[in-house]
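Observations on chain architecture
For reference, the chains in residue letters:
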Amino acid sequence: MASSPASYRPSSDMMAITVIVAVLAAVPVVASLVGDPFLVKIATRVVVFAIAAVALNLVLGFGGLVSLMHAGLFGIGGYVVAILAFHADDSSRLFDLFPGTTELSIGLPLAMLVAGAAAAVMGLVSLRTSGVYFIMITLAFNQMLYYFFVALQQYGGEDGLQIMSDLTLFGHAAIGRMSFYYGCLVALALVLVVVQRLINSRFGMVLRASSQNERRLTAIGIAPLRYRLTAFALSGAIAGLAGALLAAGQQFISPAEMSWVRSGDLVVMCVLGGMARVWGPVLGAAVFLVLEIVLSGWSTHWQLAFGLLIILVVVSLRGGLIDLLHLVGRRGASR
Amino acid sequence: MDVALFTEQLLNGVQLGVQLFLMAAGLTLVFGIMNMINLTHGSLYMIGAFVAAALFGHTGSFLLALVIAVPATALAGALLEAAVLRHFYHRGHLDQVLVTFGLILVLNEIVKMIWGAVPVPLPVPQLLSGSVTLFADVTYPSFRLAILGVGAVVALGLYAVVAHTRIGMWVRAGASNRDIASAMGVNVELIFSLVFAAGAALAGLAGIMAGPINAVQVGMGEPVLILALVVTVIGGVGSIKGAFIAALMIGVVDTFGRVLLPPALGSMMIFMLMAVILAWRPRGLFPVHG
Amino acid sequence: MKIASIALASLLLLSASASAEEPVKIGFISTFSGPSGQLGQELLDGFNLGIKSVGGKLGGRTVEVIKGDDQAKPDVGRQLADKMIESDRVQIITGINFSNVMLAVAKPVLDSGAFIFSVNAGPSQYAGKLCNAHYFNESFQNDTLPEAMGLYLNSKQAKRVYLMAPNYPAGKDFLAGFKRTFKGQIAGEVYTAFGQLDYAAEIAQLRAAKPDAVFFFYPGGMGINFVKQYAQAGLTKEVKLYGPSFSLDQTVLPGMGDAAIGAYASAFWTEDFDNPASKKFVADFEAAYGRVPSPNAANAYDGARILDAALTSIGGKIEDKAAFRKALENVKFDSVRGHFRFNTNHYPIQDSYLAEIVKDAKGRPTMKKLELIKADQADSYASQCNMAAQ
Amino acid sequence: MTAPLLEVKQLVKRFGGLVATDHLDLDVRPGETLALIGPNGAGKTSLIAQLQGDLTPDAGAIYFSGVEITRRPAHGRALMGLARSFQITSVFPELSLVQNVALAVQARLGHSFRFWRDASSDSRLTGPAREALEIVGLSYPSRPASDVSHGERRQLELAMALAMQPRLLLLDEPMAGMGREDGVRMTRLLNELKRDYAMMLVEHDMNAVFALADRVTVLVAGKAIATGRPDEIRADPQVRAAYLGQK
C-alpha cells in the first residue's frame, strides 16, 4: 500500500507539512476575498478531522493496526470538554467531586489524558489479537463506548449534549470563528510535527518495523507489544484532542459522532490521502469532507458515487492522493 | 421466569442463533478459504430478501419465491466475485474491507433505485402463519420453528459436504495449500467461485427467511452483517463448527441479556462477550490452522 | 395598533416589489441516505408539493430550496446549516427529522438570526425552556400523540397496559407522554436497544404479563420488525396494539402488510381526512409520486403552505424578521389537518383522532379515521416557555 | 573440555502425528561452527525455530551458556546473543538497508522509547550498522530493502545478525536460492566470520558445509544419526546410505 520508500526523506516531509499548513492558513484570506465566510467553517472541520486522521494513521499507516475504535476515542475527547462545560454551566460537580470548567487549557489536556488512558486500557486487550481479529475487537470496543454514552441519560443520552456557555482559552473567548480556526490549525501543525519526529525516531523505527515484519523484529530482540501499546495510547490521546476540538467548535457532541461508521470514515480518509506519509491523511480528510458536502447536495443517490470512488482509489491509487501528486510531479519534471 | 417462559426464551435464543448461523456460515467459509473479508455478504442478504419479495408480489407463492430467489442470489454473488472480488484475494485485509465497504454503498443505492426507499412487504407463508403448541403452556410461532428447521438442515448439510464429499475435500485442500491443490489437479479458481456462490446462496436464504419477521428495506443487511462478523470471529475464522457454536451462544446470550439486564447493558452484551472471548482466546474458540 | 399595522403592511408591499427578484431561500436539511433515508424524501416530497399547491411561489416570491443530507449525523447537520446560513444565505432552515440533529443545529442557526421552521423533529427542550422567537414547529411535539392515546385508553377503561419503545430520548418521551395522561395500571415498561432486529424475547415476556393492551412506539424499520413479529406470535387478536401514527403510517405500513391490520393509532391526520385540502393533497401526492402519503408528508405540505400564507400577509417581505414572526404566529391557512394554530411556544394546537389500520379498496393497509380524541390539543411544555423573555 | 555454548537435551516437537524433533541431543562449543545437514523434512528448520524461540518444544530442554532458555521468549534470547537468519529471506522491506541493520543495533542498545531524535542521523545506530553492512559487502546503504537482489537480501540478513553482536549465529540456509558466484562469495564471507563467531549452519550446499564446518551433525527424521568431523561424516557408511547416497 505504501509508495516506494526510497523517496522517504524527512526533510521533504517537513516541506510538505509547511506547505499544507501555509495553504490552510490562507483559507480565511481567500474566504474574505470571495465573500464566503463558510469556507472558514469547512476548513475548521477539515483541520479537526485531519488531526483525528493523522492520529489514526500513526497506528494504521505506520503501525499496521486497522483500528475501528478511533471514533469512540474521538467522542471521549468531545464528551470530556462538553461534560466539564455542562457542570460549569449549572455549577454542579462531576462525580460530586470536581467542579466543571469552560476553560480549554484544562479541558483539552484532560480530554487527551482520558482518551489516551481509554486507548491504553482497550489497546492492552485488543493488541493480544492480530489481523481480522484486531479489526473486530476494536469494532466491539467502539460499540461499547457508543452504548456507554447512549446510556448516560444525565448528559443527554442519544440526543447528545449541548455546550451552552462560552468556552475560553486562558481566559480569552476561544470560539470566535477566526481565533478558533487558527487555534485548531496550530494544533494540527503541532500534531504533524510531533508525529513526523516520532515516526523517524528510534520508537518510530520499531513501530514501522513491527508492521512490516513482526517475526523479524522479535528475532533481533525487540518485543513489539509495548511499542504498539504506547503508539495506540498516543494515537488515542490525539484523537481525543480532535474530538474535543469538534465539540468545542460546534458546541455540541452526541453518540452519533462515535458510531463505527465514523471510524470507517477515518480509515477511508487515511487511505484516500495516502498512509505512507504523516501528512497524507490531511489531504484525505480535505477531499473526503469537501466531496461529502458537494456530492450530497447533488443527488440523493450520492452514496453511489462515493462508493465507486472508494473502490476506484483502492483499485488504482494504492498510495492514495500522494501517489497522484507524485505522478503529476513526475510529469511536470519530465516536461 | 417460570419454566414455560424460560423454554420459550431458550427457543427464541436458539432460533436467533440459527438465523445468524445462516449468515455466518458463508462469511466464515469465504473468509477461511479465500482469506477474504467480504462485507458485501450483508448486501447479498438484502438482495435475497428483495428478490423474494418481488417474486412473492408477482406470484403470491412464498415457496416459489424461495426456490427462485436462492439461486438468483447465488448468481448475483458469483457475478460479484468474478467481476470484482476475485481481484482482491491477494490484497491485504484493509483493501478488502474498503472495497467491499464501497460495494455496500453502491449496492444499497442500486437496490434503492430499483425498489425505492419504502420497505416492501414479504409476509409469512399462509401455511406457517400460526403458532404450534409444543407442550403444555409453550406455544411457538410456526415460522420461527421453520427457521430453526432450515438452519439445522443447512448446518448438517454443510458438515456432511465439507467433511465427507470429494468437493469438500477439494475445498479443504484449496484452503490449506493452493499450489499443492492445483498441482494435484484441483481447479482452485473454480472451487473458489463455487464456495463464494454457495456462501451467497446461504446469505440469500438467510435474508429470505428473515423477510417475514424483519423489515425488507435498503440497508437491512448491515446490522445482521455486524452480528455475523461477531459470530465468525468468536467461532474462529474459517471454522464452520465454531460459527455454529458461536451463533447459538450469541443468540442465547443476547436473548437472555435483553430480558434480564437493563437495556443499556443488554445492547452491549454481545460486544462484551466478544471482547472477553478474544482477550482469552485471540484466535477465537476454534482456531483453524494456517 | 390597527392603523400602525396597515401602514406597516403598505410599506412592506412597496418594498416587496424591490426585493421581488430575490428568491426566498430555504435550507432543507434532512436524512436522505442510510436506513432512515426514506423519511427525508417523504418530507421533501410533501414540502415541494406544498409549494407547488400555492403556485410554485411563497408569498409571491420565487423560492429556492437547498437540500442537504445530514446522514442522521448531528455534526453533518450542523455543517450543512453553517453552509446554508453563511454561504447560501438562507432565511429559513427546515426539514430536520432527528431530535439530536435539531439540537446540534438550532442554537447556531438561531444565534445567526435565521428562522428554524420544523416540519418534523419536535424536541421538548424547544417547546419549553429553550423556546425561541425564531423557532417554529408546525408538526407536533413528541409527547402529544401518546398523551392522546392515554386519554383514549382511559375512555375505553383499559386497566393494564404494557409499554414498549426503543431506549433513546424520543422513546422515553413517548412513553412518558402516555403515562402522563393514562390513569390505569402499567403492566410493564420495556425499553429495547435502538435498531434492534428481533423482538421475540420481549414479546414472550409481554405475553406472560397478560396485559389488556399494548402501547408501543417504534419508528421506521424497528416498527416493521416489531409489528410483524407481534402478529406472528399470534397476539394481534388477543391484545390489541396501540401506537402513535409515526409507528403505523405509510412510511412503514407497506412493509408491515397484513400484520398491522387491526392496530390503532392516534393521529393528527390520516389519509382519509375528508376536508377539501386533504383530499386534494392525497390525490396530488399519489399522482406525483405513485404512493400514499404519510402524516409526515402531510405536515411538510402544510409547512410550505404556512410559509406561503404568512409571507403573503406581509407581502413577501421575509427580511423583516419581526413582521414575519408575527405573521407566522397569527397565520391563517387551509390546513390538511383541519384546525390548526400556533400555541404561545410556537408549537401547534390541533385535534387528535383515533385511527384503525384497515385495508383500502386496493388491498393496501391504511389508517382509517374513527373518532375525535381531543380537540385543540396543546403540548405539556408550553407553560415552561417564556416567549416574552426572548 | 570447555562447557558447551549451546546444549540441547532430549528435545521433542510434534506437529499432529508428525515428529519434527525426536529426543534430540546436540551441542555447540564456543568458537565452533557446527553444520546441520539432512534430507528435506528432517526437522532442521523447526530445530532452528525452537532454538530461536519461534516454536515452543513439547519436551526436553535448551541451554544457552549454561542458562535454560527452553521457554524464554524469542526477543529475550536475541538479547542474550542468539541471532538467526531465516531460510526464507526476512527483512523489513520498506526500510533502507542501513535502517534494517540499525534496528538490530537499536535492540542491543536497550529500550527504544526515544521519541524525538531522528534515528537515521544517530551515529550510535548508523555507525555500527554501516560497519556491519561493510563486513558483509553491501554498498549503497540507503537503498530500500525491497529494491535489492535476492543475494543481497541474504547478505543483509547476515548483517543484521552481526549487528546484534551475537554469541551464536543460527544460519538457516544462508545460500539458498543464490547463484554460483554469490554462493562462493558467501562461503568466503562465512569463512572470515567463523574466526569471530560460533555458528550453527543449516545448508544443502555440501561443498560449503565441508569447507566451513568444524563438526557436522546429520539429522534424519528428527534424530541425530551421526555427529563428527567432516571427514568422519563423509566416511560414515550410515550417513552415506541415509543421506549422501541419495544425492
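Above: the structure in question.
Quick caveat, the model's predicted, so the values are computed rather than measured.

This brings us to the overall build of chain B. Within chain B one finds 11 helices and two strands. Ordered by position from the N terminus, the helices and strands of chain B form the series α-α-α-α-β-β-α-α-α-α-α-α-α. The globule rule puts the C-alpha radius of gyration for 290 residues at 19 Å, and the 19 Å found for chain B is close to it. With the C-alpha coordinates aligned to their principal axes, the bounding extent of chain B is approximately 60 × 50 × 35 Å. Within the span of chain B, comprising 290 residues, buried residues form 59% of the whole. Of all intrachain contacts in chain B linking residues separated by at least 6 positions in sequence, the fraction that spans at least 24 positions is 76%. For chain B, the exposed surface amounts to about 10,900 Å²; the carbon and sulfur share of it is 72%. The centroid of the 11 positive side-chain charges in chain B is displaced by 10 Å from the centroid of its 10 negative side-chain charges.

Scanning chain A from terminus to terminus reveals 13 helices and six strands. At 20 Å, chain A has a C-alpha radius of gyration in line with the 20 Å of a compact globule built from 335 residues. Summarising its shape, the C-alpha atoms of chain A cover approximately 60 × 55 × 40 Å along the three principal directions. Across the 335 residues of chain A, 63% fall into the buried class. Considering only contacts within chain A whose residues lie at least 6 apart along the sequence, 79% involve residues at least 24 apart. Summed over all atoms, the accessible surface of chain A reaches about 11,500 Å², with 69% contributed by carbon and sulfur. Side-chain charges in chain A split into 19 positive and 14 negative, and the spacing between the mean points of these groups amounts to 21 Å.

So, on to the interface of chain A and chain D. How big an interface is tends to be expressed through the accessible area that disappears when the partners come together. Taken residue by residue, the interface counts 30 residues in chain A and 40 residues in chain D. Taking both sides of the interface into account, the surface hidden between chain A and chain D amounts to around 3,300 Å²; carbon and sulfur atoms contribute 62%. On the chain A side of the interface with chain D, the three residues burying the most area are Arg202(A), Arg216(A) and Ile220(A), jointly 27% of the side's total. At the surface where chain A touches chain D, the tally comes to three salt bridges. Notably, a salt bridge pairs Asp54(D) with Arg215(A), separated by 2.3 Å at the nearest N-O pair. Counting every contact that joins chain A to chain D gives 16 residue pairs in polar contact (both at pLDDT 80 or more). If you list the elements that add at least two residues to the side of chain A that touches chain D, you get helix 6 (177–200), helix 7 (202–212), helix 8 (214–219) and helix 9 (225–250) of chain A.

Quick look at the sheet that holds strand 4 (residues 92–94) of chain C now. Residue and element names in this part refer to chain C. A sheet is described by the order of its strands in space; here six strands give the open sequence 2-3-1-4-5-6, paired in mixed fashion. Unpaired on one side and paired on the other, strand 2 (57–58) and strand 6 (135–137) mark the two borders of the sheet. When strand 4 meets strand 5 (residues 115–118), the two strands line up parallel, connected through two bridges. Each bridged residue has a counterpart across the sheet, and for Ile92 the counterpart in strand 5 is Phe115. Packing of helix 3 (residues 74–86) onto the sheet brings it into contact with strand 1 (24–30), strand 3 (61–69) and strand 4, and relative to strand 3 it is tilted by some 150°.

The subject of this paragraph is the side chain of Lys194(D). Residue and element names in this part refer to chain D. Its place among the elements puts Lys194 in the loop between helix 6 (180–193) and strand 8 (198–202). Relative accessible area serves as the criterion here: at 18%, Lys194 is assigned to the buried category. Setting aside chain neighbours within four positions, we find Lys194 in contact with Gly31, Thr33, Met199, Leu212 and Asp214.

Of the residues lining the interface, 32 residues belong to chain C; the matching set on chain A comes to 36 residues. Summed over both partners, the interface of chain C with chain A comes to about 3,000 Å²; 48% of that surface belongs to carbon and sulfur atoms. The largest contributions to the chain C side of the interface with chain A come from Asp75(C), Gln79(C) and Glu86(C), which together make up 21% of the buried area. If you look at where chain C meets chain A, you find six salt bridges.

Within this structure, the stated rule accounts for 48 salt bridges over all chains. Notably, a salt bridge pairs Asp198(C) with Arg144(B), separated by 3.0 Å at the nearest N-O pair. You can see Asp198(C) sitting in the loop between strand 8 (185–192) and helix 7 (200–209) and its partner Arg144(B) sitting in helix 5 (residues 142–164), one on each of two chains. The pair Asp198(C) / Arg144(B) is uniform in exposure class, with both members buried. Members of the salt-bridge network, linked through shared partners, are Arg45(A), Arg262(A), Asp265(A), Glu292(A), Lys73(C) and Asp75(C).

On to the sheet that holds strand 5 (residues 67–68) of chain D, then. Residues and elements named next belong to chain D. Read across the open sheet, the four strands follow the order 2-1-4-5; overall the sheet is antiparallel. Both outer strands of the open sheet, strand 2 (18–28) and strand 5, are each paired with one neighbouring strand and no more. As paired strands, strand 4 (residues 59–64) and strand 5 are joined by two bridges and run antiparallel to one another. Note that in strand 5 the partner of Tyr63 across the bridge is Glu68. Relative to strand 1 (residues 6–15), helix 1 (residues 44–52) is tilted by about 120°, and along the sheet it contacts strand 1, strand 2 and strand 4.

One pass over the structure, following the stated rule, counts one disulfide over all chains. Cys131(C) shares a disulfide with Cys385(C); S-S distance 2.1 Å. The S-S bond linking Cys131(C) to Cys385(C) shows a torsion near 85°; that makes this disulfide right-handed. Here Cys131(C) is found in the loop between strand 5 and strand 6, whereas its partner Cys385(C) is found in the segment after strand 14 (365–377), with 254 residues between them in sequence. When sorted by exposure, Cys131(C) lands in the same class as Cys385(C), which is buried. Looking at Cys184(A), it has no disulfide partner, and the nearest cysteine sulfur is the one in Cys270(A), 18 Å off. Overall, Cys184(A) belongs to the buried group, its relative accessible area being 0%.

Cut-offs applied
Residues numbered from 1 in each chain as written. Chains lettered and ligands numbered in written order. Predicted model: local features only at pLDDT ≥ 70, side-chain atom pairs only at ≥ 80, totals over all residues. Heavy atoms only, no water. Helix = DSSP H or I, 4+ residues; strand = E, 2+ residues; numbered from the N terminus. Rg over C-alpha atoms; globule rule 2.2 N^0.38 Å. Buried < 20%, exposed > 50% of the residue type's maximum accessible area, 1.4 Å probe, protein only. Contact = heavy atoms within 4.5 Å. Areas by Shrake-Rupley, 256 points an atom, 1.4 Å probe, with all protein chains shown as cover. Lys, Arg positive; Asp, Glu negative; His and termini not counted. Charge placed at Lys NZ, Arg CZ, Asp CG, Glu CD. Buried area = accessible area lost by both parts, 1.4 Å probe. Salt bridge = Lys/Arg side-chain N within 4 Å of Asp/Glu carboxyl O. Polar contact = N/O pair within 3.5 Å; in protein donor to acceptor, adjacent residues only side chain to side chain. Pairing = 2+ DSSP bridges. Axes fitted to C-alpha atoms, helices over the stretch in contact; angles between N-to-C directions. Disulfide = S-S within 2.5 Å.

Remember that the coordinates give geometry; whether it matters functionally is a separate question.
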